[in-house]
Amino acid sequence: MRHEPLIIKGGYVIDPLNKVNCEVMDIGVSNGKIVDPSTIEGKAKVIDAKGKLVMPGGIDLHTHIAGPKFNAGRIMSPYDHRRAWIKATLDGWSGVGLTVPSTTFIGYRYAQMGWTTVVEPATPPLKTRHTHEELDATPIVDKACFPLFGNSRIVMELVSKNDIESLKAYVAWVLKSVKGYAIKIVNPGVAEPTWWNRYVGLDLDDQLPEFGITPREIVRALCRASIELKLPHPIHVHCNRLGFPGNYITTLRTMDCVSDLYKGDRPIIHITHVQFTGYAGTSWANLASGGDEIAKYLNSHDHVTLDLGQVVFGDAITMTADAPFEFVLFHILMGKWHCTMTEAEATAGVVPYVYRKNNYVNTVQWCIGLDVALLTKDPWKVVFATDNPNAGRFTKYPLALSWFVSKRAREEVMKKVNRRALKHVALPSIDREYTLYDVAIVTRAGPAKILGIEKHKGHLGIGADADLVIYDLNPVEVDVSRDYEVLIKAFRRAYCTIKSGVIVVKEGNVVKPDFYGATYYVDATKCVDPDIYDKTIKHLKEVFSQHYSVSFNNYIIDDRELRNPIKLEVR
């Protein structure tokens, strides 16, 4: 569909991928792409952005927003549906929810904040049809999802045989079949033994006797498969021992276990929600931040990137494929708990949680994400995210970003948190503040680069997707370090959000509620030897009845089942 050309005139543009830092520029938009304004023929709608901040649309590469565990969170939280809502309009849907909102609420709120691409980072392949149904119902934003591989029996069987070629064929087949984007690994190896009440707290080099392998071997094998399949996003790893004191050592060892596979080009491993795996200390009583050690590793190695899982105080719902962690958390809180296993592929757990400022552990957790972000010299290695809704809901992003740009904002929070905890973290001694250019890197340009979509997203160069946002914030006149409230207000409701060349948000209000973005998936089957691929598919058909309750053919999701699928074919 063709839309009216646009010219965004005279805004202060920040576009790190094109090394543009707060320059006054005009930006042209035509047919969903960024163009040179002088090439637009005929009449164009002019948007006056004078005195305002213009950035590419935000990209959230780790936000739980769809699929069976998110739905379980909704069922467990009926009270949540009454806490926030959006009224229906003649052409728009209603929506409800705060920590586990409905699909329309998610799409509209992301757009109102200026985010235009989101990724569901953990979906059991067997349940991914459900995940896509919810992503299809999420308006405005572009989407993608990461299927879970780290606890698949088929993966562990292939790793135990050291059959990397068949593993590559299996990964490529799953990604194409369920329309997934990258390899997600959660607490590798632990799901199967956990179901038999063993191995809570499994570490990287612990043995899995049934398969004769260790989590380290699973991570390395899937990393090799990801590299050789040329997947645009590296393995996305939720480390072993998440939520255990002292686990930062496991995180460092996980990052380092694939360092020899790095060839010097793109990073090959992405560590996710590092706050949850950045704990020093030996118990909850002496928990401390391991963020400084993780930042030191990042500062001296280029093969790894990470996202933060930044804690925001208040209500949250933890949900993860790491069922052992949720088992432990449930027995600490003794509240609600949901636990499930997806046949031969994955486990999952859901436990509601509240982060409290006066709580010692919660204060340490709040500091760890900031320790890592502010002590890591290169912001291109860091992605801002709260692991929504695990460490905080995504609608709190503007508040959380204020802690990155303003020491004053952090100090205001530190006046109210647990004082003893502040003695065991680095944050009180850190003076660094992010610039708005840094903010654009960790929320837009960096995620685009790490996802491998930087050619068409995350920037405002000619030919890029016309996904951009205008904030009512004058970066020349406003010192966000001092006036951080201005940033919070501006980022909470964007002056204008443009998605694929269409104005979807105007002065903070959704004006195109029936707009739906695309869903990206990867086809890497061309990177597999055809004979090995055929042999692997034949083997899968033979063993499918042993591992699954559905037939081989019904497992596969067709393009027509997605609203707007876009296939990225790698060779």
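Described in the following lines is the structure provided in the data block.

Cut-offs used in this document
For every chain, the first residue of the written sequence is number 1, and numbering continues from 1 onward in sequence order. Thresholds applied to this predicted model are a pLDDT of at least 70 for local features of residues and 80 or more for the giving and counting of side-chain atom pairs; totals over whole chains, interfaces and linings are not thresholded and use all residues. Each side-chain value is derived from all of the structure's non-hydrogen atoms; neither hydrogens nor water enter the calculation. Helix and strand definitions here come from DSSP, where helices need a minimum of 4 consecutive H or I residues and strands a minimum of 2 consecutive E residues; each element is numbered from the N-terminal end. The contact rule is simple, with two residues in contact once any of their heavy atoms fall within 4.5 Å. N or O atoms closer than or at 3.5 Å make up a polar contact, with two conditions inside protein: a donor-capable atom paired with an acceptor-capable one, and, for residues adjacent in sequence, both atoms drawn from side chains. Orientation is described by axes fitted as lines to C-alpha atoms, over the contacting stretch for helices, and by angles from 0 to 180 degrees between their N-to-C directions. Roughly parallel means an angle under 35 degrees; roughly antiparallel, over 145; roughly perpendicular, 65 to 115; everything else is oblique. Residue polarity is assigned by list, with Asp, Glu, Lys and Arg as charged and Ala, Val, Leu, Ile, Met, Phe, Trp, Tyr, Cys and Pro as nonpolar; anything else, Gly included, falls into the polar class. For every residue, the accessible area obtained with a 1.4 Å probe (protein chains only) is divided by the maximum for its type, and the residue is called buried under 20%, exposed over 50%, and partly exposed between those limits. For our purposes a nonpolar core is just a set of buried Ala, Val, Leu, Ile, Met, Phe, Trp, Tyr and Cys residues, chained together by side-chain atoms within 4.5 Å. What makes a salt bridge here is a side-chain nitrogen of Lys or Arg within 4 Å of a carboxyl oxygen of Asp or Glu, nothing more. Two helices crossing with the near one rotated counterclockwise from the far one by less than a right angle form a left-handed crossing, whereas a clockwise rotation gives a right-handed crossing. Here the rule is simple: two strands pair whenever DSSP picks up at least two bridges between them.

Residue position: His-270 is located in strand S13 (residues 269-271). It is 4.9 Å that separates the C-alpha atoms of His-270 and His-236, two residues lying 34 residues apart in sequence. With near-sequence residues (within four places) excluded, His-270 lies in contact with Leu-61, His-233, Pro-234, Ile-235, His-236, Val-237, Thr-305, Leu-306, Asp-307, Val-383 and Ile-450. Of note is the side chain of His-270, whose polar atom sits 2.8 Å from the side chain of Thr-305.

Another point: the packing of helix H12 (residues 397-405) against helix H13 (residues 407-414). Contact geometry of H12 with H13 gives a least axis separation of 5 Å together with a crossing angle of 110 degrees. When the axes of H12 and H13 are compared, the pair comes out roughly perpendicular. Residues Ser-402, Trp-403, Phe-404 and Val-405 of H12 touch H13, and the partners they reach there are Lys-407, Ala-409, Arg-410 and Val-413. For the contact of H12 with H13, the residue count by class is five nonpolar, one polar and two charged.

What follows concerns helix H4 (residues 153-160). The α-helix advances 3.6 residues per turn, and as a result positions three or four apart in sequence lie on the same side. The element H4 is largely enclosed, with a buried count of six among its eight residues. Every buried residue belonging to H4 is among Arg-153, Ile-154, Val-155, Met-156, Leu-158 and Val-159, and all of these are buried. For H4, the side-chain oxygen to backbone nitrogen distance between the N-cap and Ile-154 is 3.2 Å, and the N-cap itself is Ser-152. Once H4 finishes, Asn-162 follows within two positions and takes phi at roughly 55 degrees, a positive value.

On to the side chain of Asn-362, then. Examined against the element boundaries, Asn-362 turns out to sit in helix H11 (residues 360-375). Here Asn-362 falls in the buried class, since its relative accessible area comes to 1%. A polar atom in the side chain of Asn-362 sits 2.9 Å from the side chain of Tyr-353. There is a polar contact of 2.8 Å between the side chain of Asn-362 and the backbone nitrogen of Arg-356.

Tyr-110, Leu-167, Tyr-170, Trp-173, Leu-222, Trp-366 and Tyr-471 are the most contacted members of the largest nonpolar core, which totals 165 residues. Contacts of Leu-222, omitting those with residues within four sequence positions, involve Phe-149, Gly-150, Val-155, Leu-167, Val-171, Ile-183, Ile-185 and Ile-235. By size, the runner-up hydrophobic cluster in this structure holds 18 residues, among which are Ile-8, Val-54, Ala-464 and Ile-503.

Per the counting criterion, the structure on display carries 34 salt bridges. Two residues, Asp-203 and Arg-253, come together in a salt bridge whose shortest N-O distance is 3.6 Å. Of the two residues, Asp-203 is situated in the loop between helix H6 (191-195) and helix H7 (215-228) and Arg-253 in helix H8 (residues 248-256); the sequence distance between them amounts to 50 residues. We classify Asp-203 as buried; its relative accessible area is 17%. According to the relative accessible area criterion, Arg-253 is partly exposed, its value standing at 28%. The partner of Arg-266 in a salt bridge is Glu-454, and the shortest N-O contact between them spans 3.1 Å. Of this pair, Arg-266 sits in the loop between H8 and S13 while Glu-454 sits in the loop between helix H14 (436-451) and strand S21 (468-471), placing them 188 residues apart in sequence. What emerges from the salt-bridge pattern is a single network uniting Lys-33, Asp-142, Lys-457, Asp-465, Asp-467 and Lys-499.

The next thing to look at is the packing of H11 against H13. Interhelical geometry of H11 versus H13 gives an angle of 160 degrees and a closest axis separation of 13 Å. The angle between H11 and H13 falls in the class roughly antiparallel. Considering the relative orientation of H11 and H13, their crossing is left-handed. Between H11 and H13, the contacting residues are Trp-366, Leu-370 and Leu-374 on the first element and Arg-410, Val-413 and Met-414 on the second. Here the residues of the contact of H11 with H13 sort into five nonpolar, no polar and one charged.

Let's shift gears to the sheet that holds strand S18 (residues 338-342). The three strands lie next to each other as S17-S19-S18, forming an open sheet whose pairing is antiparallel. Lying at the two open borders of the sheet, with one neighbouring strand each, are strand S17 (314-320) and S18. Across the sheet, the axes of successive neighbouring strands diverge by a mean angle of 15 degrees, strand direction being ignored. Bridging between S18 and strand S19 (residues 346-355) involves five bridges; their strand directions are antiparallel. Paired with Met-341 across the bridge in S19 is Thr-347. Each of S17, S18 and S19 is contacted by helix H1 (residues 68-76), which is oriented at about 45 degrees to S19, the strand it contacts most. The sheet contacts of helix H10 (residues 323-333) involve S17, S18 and S19, and relative to S19 the element is tilted by about 35 degrees.

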